[in-house]
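Listed below, chain by chain, are the residues.
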Amino acid sequence: MNVEAMHIANGIVNGPVSGAFAALAVLALAVCVWRGRADLDDRLAPMAGLVAAFIFAVQMLNFQVLPGVSGHLLGGTLAAILVGPWVGALCVSTVLVIQCLLFADGGLTALGLNITNMALLGTAAGYLLVAGLLRLLPRTPTGLAATAFVASVASVVISSQGFVLEYWLGGTTRLSLPTISLTMAGVHVLIGIGEGLIAGTTVATVSRVRPDLVYALRRFRAVPRPAAAPTPATVAGGAA
Amino acid sequence: MAGGHAHPLHLARDSAVHRLPAEVKIVAVLLFTVVVVITPRAEFAAFAGYAALLAAVAAAARVPLPWLAKRATIELPFVLLAVALPFAGHGERVTWLGMSLSVDGLYGAWNIFAKGTLGVVASLLLAATTTMRDLILGLDRLRCPRVFTQIATFMLRYMDILADDARRMRIARLSRGYDPRFLWQVKAFAVSVGALFLRAFERGERVYLAMVARGYTGRLPRPEGADASATQWAASALLPAAAAGIAVAAVLR
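Every value quoted in this text rests on a predicted model; they were computed, and no experiment measured them. (Residues numbered from 1 in each chain as written. Chains lettered and ligands numbered in written order. Predicted model: local features only at pLDDT ≥ 70, side-chain atom pairs only at ≥ 80, totals over all residues. Heavy atoms only, no water.)

(A) Spatial organisation of the overall build of chain B. Within chain B one finds 10 helices and two strands. In chain B, the succession of α and β elements from N to C terminus is α-α-α-α-α-β-β-α-α-α-α-α. For chain B, the residues scored as buried account for 46% of the 253 residues in total. Residue pairs in contact within chain B that sit at least 24 positions apart in sequence constitute 77% of those at least 6 positions apart. (Helix = DSSP H or I, 4+ residues; strand = E, 2+ residues; numbered from the N terminus. Buried < 20%, exposed > 50% of the residue type's maximum accessible area, 1.4 Å probe, protein only. Contact = heavy atoms within 4.5 Å.)

Written out as structure tokens, the structure is:
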């Protein structure tokens, strides 16, 4: 059986359940907008855009998981680590809205479902795990990379189970639930490993070179942020 | 730098549909899709009517049908799921060509195929006739929270930066004697992905600070003559209104 290689399309889950999840997504995003506004300062605004663009790019990277089954990355954990849970959920939602409107990826009436799974569940699970793991693991680039890896795998699997829940509530055809659940979980563990590797390497590099950009490390920073930006350690070729 | 902010699904034409403001097109596609999704799945005539409506819009927008058909293949994974349903479904079964098929599964497969395809084609028509910048302006005029449009604007800016920087880094690797083979690219990709992220950020941060210094407050300036006219709203309402008419006629029949 082929499992989704794209976002949920129209007509997979029935109208009332789609509507209910759309309402849930709107409510949750309203909270994110309210909480995220305080976070979105001069430093985080371009970062949020970059994270969204990055997620957009990696979501296009469909990779073959098993013969006939491909999946793409979700990016919720990466967003949560770099820009925090509130703005992170907004980043992933923005990506999903643009993909739905301009790339016909994911149904317009299934937008609430997709946002609930990938933007809300994925980012929330990722952030909670990151916050918990950072208390245990060393707060070094390596520790952060390990955290990103573990949290990515878990958050991708949790996101995929969101689909199972929605399908159970309003699937347009009865299928055996444990089968879907296990297939989705199995496929998404593999996707999660791929996602974890990308998130881990990215976060490790960013925290090594520009630790001031990592939202998840903010709470642990002892000294207040210097007023001026540190000299960029990477060499950007040419002028912008 | 990349020219303009076109996206791969945009089809630059000059047609009445292209000239409509983005916000009226977004609302029309949204309402149309809602009508399609709430139509009961056994109303086959209604779905044929919706397809005819979309064909009319495609003709008005001068979008060739082969172009649409090619891009609609994005839906293929879900169609494959639909093909599996008659075999995996439960309940009453019928025998067809020696295969035992579930009636509920057959209806389910039709449901996913019909509603999925109509939705994808409607979104493709919106994408083909709207540039990314217009779409963000349209969302802004639909009172979408500014945080969203701000993130979307930067996302759009950074996508070009990411693509350009990735290309530059690849050329740099190649010119230093790097010989990419199919699977061997993975290692270079993994090593460079973090560097790509930082380079793109620093490049974009400079642009952002320059924008702030020039008075950017989180919203792009709107072009003059901003709001959509009543005529434009009426023109775009034709699609969802006709679809709703078909749905009501089909259900009452």
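(B) Highlighting the nonpolar core. Within the largest apolar cluster, 113 residues are counted, with the highest numbers of intra-cluster contacts made by A:Leu82, A:Ile115, B:Phe32 and B:Tyr50. Structurally, this core is a two-domain feature, drawing no fewer than three residues from each of domain 1 (16-138 + 227-252) and domain 2 (145-213) of chain B. The contact partners of B:Phe32, leaving out residues within four places of it in the chain, are B:Tyr50, B:Leu53, B:Leu54, B:Leu118, B:Ala122, B:Leu239, B:Pro240 and B:Ala243. (Core = buried A, V, L, I, M, F, W, Y, C linked by side-chain atoms within 4.5 Å. Domains from an automatic or database assignment.)

(C) The confidence of the model for chain A, seen in detail. All names here are of chain A. Summing up the model confidence of chain A, the mean pLDDT is 77 and the portion of residues at 70 or higher is 78%. When the criterion is pLDDT under 50, residues 1-5 qualifies, and its contacts beyond four places in sequence or with other chains add up to 20 contacts. Note on residues 232-240: pLDDT is under 50 here. Beyond four places in sequence and across chains, it has 17 contacts. (pLDDT = per-residue confidence, 0-100.)

(D) Looking closely at helix H5 (residues 111-136) of chain A. Helix length check: H5(A) (26 residues) gives 36 Å between terminal C-alpha atoms against 38 Å at 1.5 Å per residue, within 8%. Among the 26 residues of H5(A), 19 are classified as buried, and the element is accordingly described as predominantly covered. (Expected span 1.5 Å × (residues − 1).)

(E) Local environment of the pattern of salt bridges. One pass over the structure, following the stated rule, counts eight salt bridges over all chains. Note that B:Arg141 and B:Glu23 form a salt bridge whose closest N and O atoms lie 3.1 Å from each other. Taken together, the positions of B:Arg141 in helix H7 (residues 132-141) and B:Glu23 in helix H2 (residues 22-38) put the pair 118 residues apart, joining distant regions of the chain. Here the two residues B:Arg141 and B:Glu23 agree in accessibility, since each one is buried. Connected through shared salt-bridge partners, A:Arg210, A:Asp212, B:Glu202 and B:Glu205 make up one network. (Salt bridge = Lys/Arg side-chain N within 4 Å of Asp/Glu carboxyl O.)

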